[in-house]
Amino acid sequence: ESIPHFAVQKVSEEALSKGDVKGYSIRYKLVPHEAGDLVIPAFALSVGGEEFETEPLSLKVDKATAFPGLNLEIHLSQKQAYVGEPILATFTWYSSIPLYGFKAVDLKIPLLESYAFSNLVAQGSPLPGDKNTIGLPVSNTRVITRRGKKSMHGEDSEFLQFRKVIIPRVAGEFELDPARLLCSYVHPKNTGRGGRNWQPMYPSFFNNNFFESEVDGKFEKFLVESKPVELTILDLPAEGKPDDFYGIVGKASIAVEAGPITLEEGAPISLTIKLGEHKFLEVLDLPNLIEQKAFKHSFAVPKRESLGSIENNSKNFMRTLRPLRTDVKLIPAIRIPYFDPVSKAYGVAQNEPINITVLPAQTV
């Protein structure tokens, strides 16, 4: 019951009988999500070992009505970047008609669907349950948007806004299709509106169910599109690239604390590692310590490692080391190689080695 480019809902199914002839009837409702020449594919059925197939159906679908009070904007912090360099994308839907009148929305953003880019939730984004937030279905996932108001062209508008950190994966010139919002709207009733205690009822989330039946009023379908997104993504230079470079683009720093520093062989040392100075802490990650020779031959490092958390302008990681021998005298420096797009050169952030004392393990 899934058809590309359509929302599908089964309406009914029933057995049919006319004399000795028996049959079956199944009815569906379809709402096209896109304009153009669309095809409802053939349906196949197997009966008594024999295969039957319907004919495909061709449809010409016109664009939904463009409402002048709806706008969809995508703002990028920069339109030229290197592979791996984070770009902040801000997505905003403006509406001059009440947001609480929308019953279903379907938002497609090619930038978030393209193989050429990965994306992360931006730092400071609202959380589910935060005040003035609404969940929005976006490109087969759900995001939490912040609701607000703004005057545009002399007219008050409400808006929903969310941010993503976009990370280019490959180099090239990209012109991505516009983001497209299809929405279903029912004019709110005026009953009680404007009274002293009247408050609009905003949904905690929008859905993309265009078959909602418990609605007293006529659905209107609106379509709004953003401008196309153009990006130029450059390859990282090969000259000067460290052998252990693992993809961080943007200057970074590292600070490490360890304890205890006097312990028995095989006992755990806890490392608190703080990465900072990067404009987008969300993208920072640690190298796999067990792959660095200085750690591999002197310490046992667990394979399962915790993800970092952002606190006080740094991304903090916890790691555990266990010294393998009594002749291990220090915890080596952790190297964080990076490419700085400002100076267009590679650099390495690293901490000072930490002296430790490893005692023989006691025999029990």
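Residues numbered from 1 in each chain as written. Predicted model: local features only at pLDDT ≥ 70, side-chain atom pairs only at ≥ 80, totals over all residues. Heavy atoms only, no water.

**Comments concerning unusual backbone geometry**
Across residues other than glycine, the phi torsion is negative in most instances, and most of the peptide bonds are trans. Selection rule: Strands are runs of DSSP state E lasting at least 2 residues, helices are runs of H or I lasting at least 4, and numbering of each runs from the N terminus.
Residues G259 and P260 are joined by a peptide bond in cis, for which omega reads 0 degrees. Residue placement: P260 occurs in the loop between strand 19 (253–259) and strand 20 (262–264). Of note, the phi angle at S139 is positive, near 45 degrees, even though the residue is not glycine. Tracing the chain through its elements places S139 in the loop between strand 12 (133–138) and strand 13 (141–152). Its identity is not glycine, yet N312 carries a phi of approximately 50 degrees, on the positive side.

**Considerations on the side chain of D340**
Defined as follows: Type-normalised accessible area, obtained with a 1.4 Å probe on protein chains alone, sets the label of each residue: buried when under 20%, exposed when over 50%, and partly exposed for intermediate values. For the charge count, each Lys or Arg is scored as positive and each Asp or Glu as negative, with His and the chain ends excluded. Salt-bridge detection follows one rule: a side-chain nitrogen of Lys or Arg within 4 Å of a carboxyl oxygen of Asp or Glu. In protein, a polar contact means a hydrogen-donor-capable atom and an acceptor-capable atom, both N or O and within 3.5 Å, with residues adjacent in sequence counting only if both atoms are side-chain atoms; elsewhere, any N or O pair within 3.5 Å suffices. Here a residue-residue contact requires only that any non-hydrogen atoms of the pair lie within 4.5 Å.
Along the chain, D340 falls in strand 26 (residues 335–340). Buried D340, no salt bridge; nearest opposite-charge side chain is K251, N-O distance 5.4 Å. Polar side-chain contacts of D340 include one of 3.0 Å to the backbone nitrogen of V342. Ignoring anything within four residues of it in the chain, the contact list for D340 reads K251 and A345.

**Quick notes on the pairing of strand 16 (residues 180–185)**
Quick reminder of the rule: Here, any two strands with at least 2 DSSP bridges between them count as paired.
Counting buried positions along strand 16 yields six of six residues, so the element is predominantly enclosed. Residue alternation in strand 16 divides its side chains into two sets, R180, L182 and S184 and L181, C183 and Y185, and both sets are buried. Sheet analysis places strand 10 (residues 102–108) next to strand 16, joined by six bridges and oriented antiparallel. Bridge pairing in strand 16 links A104 to S184. As paired strands, strand 16 and strand 17 (residues 220–225) are joined by six bridges and run antiparallel to one another. Looking at the pairing, L182 lines up with L223 of strand 17.

**A word on the nonpolar core**
Where we set the bar: The nonpolar core is taken to be a set of buried Ala, Val, Leu, Ile, Met, Phe, Trp, Tyr and Cys residues, with the residues joined through side-chain atoms within 4.5 Å.
W93, F102, I109, L111 and F117 are the most contacted members of the largest nonpolar core, which has 38 residues in total. Residues in contact with I109, not counting those within four places in the same chain, are I74, F91, V138, S139, F162 and A179. Listed in part, the 27 residues of the second largest apolar core include A252, L286, F299 and L321.

**Observations regarding the confidence of the model for the protein chain**
Low-pLDDT stretches of the model should not have their predicted coordinates read in fine detail. What counts, and what does not: Confidence of the predictor at the level of single residues is given by pLDDT, which spans 0 to 100.
Within the protein chain, residue pLDDT values average 87, and 92% of them lie at 70 or more. Mean pLDDT per element in the protein chain: strand 1 (residues 6–18) is the minimum at 76, and strand 8 (residues 80–82) is the maximum at 98.

**Things to note about the pattern of salt bridges**
In total, this model carries four salt bridges according to the counting rule given. Two residues, D106 and R180, come together in a salt bridge whose shortest N-O distance is 2.6 Å. One end of the pair, D106, is in strand 10; the other, R180, is in strand 16, and 74 residues separate them in sequence. Of the two residues, D106 and R180, neither departs from the other in class, the shared state being buried.

**What to know about a nonpolar patch on the surface**
Formally: The residues that make up patches have over 30% relative accessible area and no salt bridge, and they are joined within 9 Å when like-charged or within 5 Å when they are Val, Leu, Ile, Met, Phe, Trp or Tyr. Residue-level accessible areas treat just the shown protein chains as cover; the underlying method is Shrake-Rupley with a 1.4 Å probe.
Taken together, the side chains of L45, V47 and F52 make up a nonpolar region of the molecular surface, amounting to roughly 280 Å² of accessible area. Tracing the chain through its elements places F52 in strand 5 (residues 50–53). On the accessibility criterion, F52 (43% relative accessible area) is partly exposed.

**What to know about the sheet that holds strand 8**
What counts here: Axis lines are fitted through C-alpha atoms, for helices just across the contact stretch, and the angle between N-to-C directions can take any value from 0 to 180 degrees.
On the basis of which strands lie adjacent, the open sheet formed by three strands has the order 8-18-15 and mixed pairing. Two strands close off the open sheet at either side, each with one partner strand: strand 8 and strand 15 (172–176). Direction aside, the axes of adjacent strands within the sheet are offset by 25 degrees on average. In this structure, strand 15 lies alongside strand 18 (residues 229–234), joined through five bridges in antiparallel fashion. Note on strand 18: the bridge partner recorded for L176 is V229.

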